[in-house]
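Here are the chains, one letter per residue:
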Amino acid sequence: MHVPHNNKYLKKLISVLLLLVMSINIVILGINAESQAITPAYGGTLVVGIPSEPPNLVLTGSPTWTYYQVVTPMCNSLVDFDPQTLEWVPDLAESWQIIKTDDGKMLVVFHLVKNATWHDGVPFTSQDVKFSYEKVGPLFNSFIAGMRRYLEGIDTPDNYTVVFRFNTTWGLILYPGYFGASGTCISPKHLYEGTDIANNPYNTKPIGTGPFKFKEWVKGQYIILERNDKYWKKGLPYLDRIIYKIIPSSEAMMLAFQKGEIDFVWNYGISFAHSVQLENMIREGKLTGKKVWFFPSPGGSLDVLGFNLHEHGPAPLKDVRVRKAIAMAINKTAIAEIVYFGKVEPLETMVSRAPATAMFYPDKKQPDYNPAEANKLLDEAGYKKGPDGYRFRLRLTIDSTSYPWYVKEAELIRDFLREVGIDVQIITLDTAAWHQTVFRNWDFDMSIFPFVHGPGPAFLIQYYTSRGIVRASWSNAMGYNNPKAEQLLLEAEKELNKTRQIELVRQALNIIVDDQPAVWTVSRTFVALLNTAFSDMLKPGVWENGWGTNYMRPEKVFLTTLTIKTTPVETTPTRTPSPPTITPATPMQAAT
């Protein structure tokens, strides 16, 4: 009679002991984890492969990711960005306020750090910020040049306060490209004032405030940066130097990575085919100590099959039923698999789920792949097949130099459209000729555009409203404009409340997707190659976002083979993203 009772007692005792053992293990594991924490040692050289040398190294320069990855370690912007939320993070500005005035205008007040110095030892002040945005930026940076239409002036009430006075509220400032990210680093006034800024010698041997200093540039071979041992962020950086090795060929880049001649490649200079080849070698154990990975385009970039909707454009494309039928005829999943080795997202609408554009994801979707329905829709639109099996003919014009993989994508699109009775002639041009033909002459029927759609509504305004219908590169060459969508996007441009801004953009995108001015085929995915002896564990995300995008800096990257294991570990407190403070105020209150 007592056995069941004893069994219950033993079961309870065993359960308690198991829980006690688990608790002890958790404590021990915690102690071991702490004891094995890594404190980086100083030293090491990171060699980065780049496909071509930059045209210049202007700090407040053109936001071209290919070359800005060289500039990023040498400079600082007013703010950095959290790559996931795109909220501002302190950099040269330690705090800020965004003030809406009673008369519908806006002030952006930045309170600057007081300990930053230029690489030549001169103190950084608010005068540098004012000079950069008034004199240097407008010459080299289209974002800053465009912002000036809304900017009444820049005030510097003291050495560590900058006030940007806008003639209206303007929500685009919240996004990369204006006060932070590529092309927005501050330039030194004392080295540029009174000079020919466009030809200033410091455009190619910059003096910045960043963690690394310019050392040497041997044209066509390499660029060397060395550690700034007087960096204003104490204790940083860890590396001794960064060397950018210029390797023009994708195959040569792959071989250099295999041989250990380079440690890191950020997207540009390595093809998808070679990246996948390296990935397979690592998976098969043929290449150790290396890593290859793919990640979403920081700008939410897409491949966009755009239609010429100008008055002189092809008559069939003016019918939305024809445009919908073309969308139905194209197998976007096949493009993703065949052209991009399954590393990209086939698109169901006009933005991808990349962090830069996911918040704008609309409800409306473009048609799924359905050739039978496409044939029916083309018949209904009055375009019957002729004796040769074709309904009409279109030209597909592409840039096959900068985007050689577009040849294969164009061939797939041609074959898909021929299946529904649309004959397609592929025209391949070099980059300069493509820009002239498509963006300036509007002499095309369809073209594949590598459009960036984010972050923020700026690019959507540029590519899908009448404001962008200009004969200039990276404009609305399609000639598309829906007044209702345009009104919503222009309202979003001025909206400071991000929730409201996002809703306005989503409403506009629903209209545009219904109109189908293009077929949005696939997202564009970036790739990185890394020697895993280098780590970003102290600032995760630097490999993806600390180079060309300039959302953050590689100041905490370190070489793990030099690390010292200690306990406990003392680390610099992480500066968390800070949403801007938006305060209503009268002009008089704002001035005080």
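These figures come from a predicted structure and were not determined experimentally.

A. Representation of the sheet that holds strand β16 (residues 422-429) within the structure. A sheet is described by the order of its strands in space; here 5 strands give the open sequence β16-β15-β17-β14-β18, paired in mixed fashion. The sheet is open, and its two borders are formed by β16 and β18 (518-523), each paired with just one other strand. Between one strand axis and the next, the sheet turns by 30° as a mean value, whatever way the strands run. One ladder, built from 5 bridges, connects strand β14 (residues 301-307) with β18; its direction is antiparallel. The residue bridging L305 from the neighbouring strand is V519, located in β18. With respect to the sheet, helix α8 (residues 320-329) is in contact with β14, β15 (392-399), β16 and β18, its orientation differing from that of β14 by roughly 135°. Contacts from helix α11 (residues 406-418) reach β14, β15, β16, β17 (446-452) and β18, with the element oriented near 165° to β16.

B. A look at the packing of aromatic side chains. Applying the stated rule across the entire model yields 42 aromatic pairs. When the centroid spacing of 5.3 Å and the interplanar angle of 80° are considered together, the rings of F272 and Y340 count as edge-to-face. A residue pair is termed long-range when its members are at least 10 positions apart, and F272 in helix α7 (residues 272-283) and Y340 in the loop between α9 (332-338) and α10 (371-380) qualify at 68 residues. Here Y340 falls in the buried class, since its relative accessible area comes to 3%. For the ring pair F444 and F449, a centre distance of 6.2 Å and an interplane angle of 80° mean the geometry is edge-to-face. An identical accessibility class is assigned to F444 and F449; each is buried. The ring centre of W293 lies 4.4 Å from the NZ or CZ of K291, which sits over that ring.

C. Layout of the environment of G171. By the element assignment, G171 lies in the loop between β8 (161-166) and α5 (189-192). When the C-alpha atoms of G171 and E491 are compared, they prove to be 9.4 Å apart, with 320 residues separating the residues in sequence. Sequence-distant contacts of G171, defined by excluding residues within four places in its chain, comprise E493, K494, E495, L496 and Q501.

D. Molecular detail of the confidence of the model for the protein chain. For the protein chain, per-residue confidence averages 88 on the pLDDT scale, and residues scoring 70 or more make up 89% of the total. Of the regions scoring below 50 in pLDDT, residues 566-581 engages in 36 contacts with residues more than four places distant in sequence or in other chains.

E. Spotlight on the nonpolar core. By size, the foremost hydrophobic cluster in this structure holds 182 residues, and its most contacted members are L78, F110, F164, F166, F179, I326 and Y464. When sequence neighbours within four positions are dropped, the list of residues in contact with F164 reads L78, M106, L107, V108, F110, V129, Y133, L151, G153, I154 and F179.

F. Structural context of the pattern of salt bridges. Per the counting criterion, the structure on display carries 30 salt bridges. Here E279 makes a salt bridge to R283, at a shortest N to O gap of 3.9 Å. Of the two residues, E279 and R283 are both situated in helix α7; the distance of 4 residues between them amounts to about one turn of the helix. Note that R500 is salt-bridged to E491, the shortest N-O span being 3.3 Å. Through salt bridges that share partners, D80, D91, K233, K539, R553 and E555 make up one connected network.

What counts as what
Residues numbered from 1 in each chain as written. Predicted model: local features only at pLDDT ≥ 70, side-chain atom pairs only at ≥ 80, totals over all residues. Heavy atoms only, no water. Pairing = 2+ DSSP bridges. Helix = DSSP H or I, 4+ residues; strand = E, 2+ residues; numbered from the N terminus. Axes fitted to C-alpha atoms, helices over the stretch in contact; angles between N-to-C directions. Contact = heavy atoms within 4.5 Å. Phe/Tyr/Trp six-rings, centres within 6.5 Å; stacked < 30°, edge-to-face > 60°. Buried < 20%, exposed > 50% of the residue type's maximum accessible area, 1.4 Å probe, protein only. Lys NZ or Arg CZ within 6 Å of the ring centre and 35° of its normal. pLDDT = per-residue confidence, 0-100. Core = buried A, V, L, I, M, F, W, Y, C linked by side-chain atoms within 4.5 Å. Salt bridge = Lys/Arg side-chain N within 4 Å of Asp/Glu carboxyl O.

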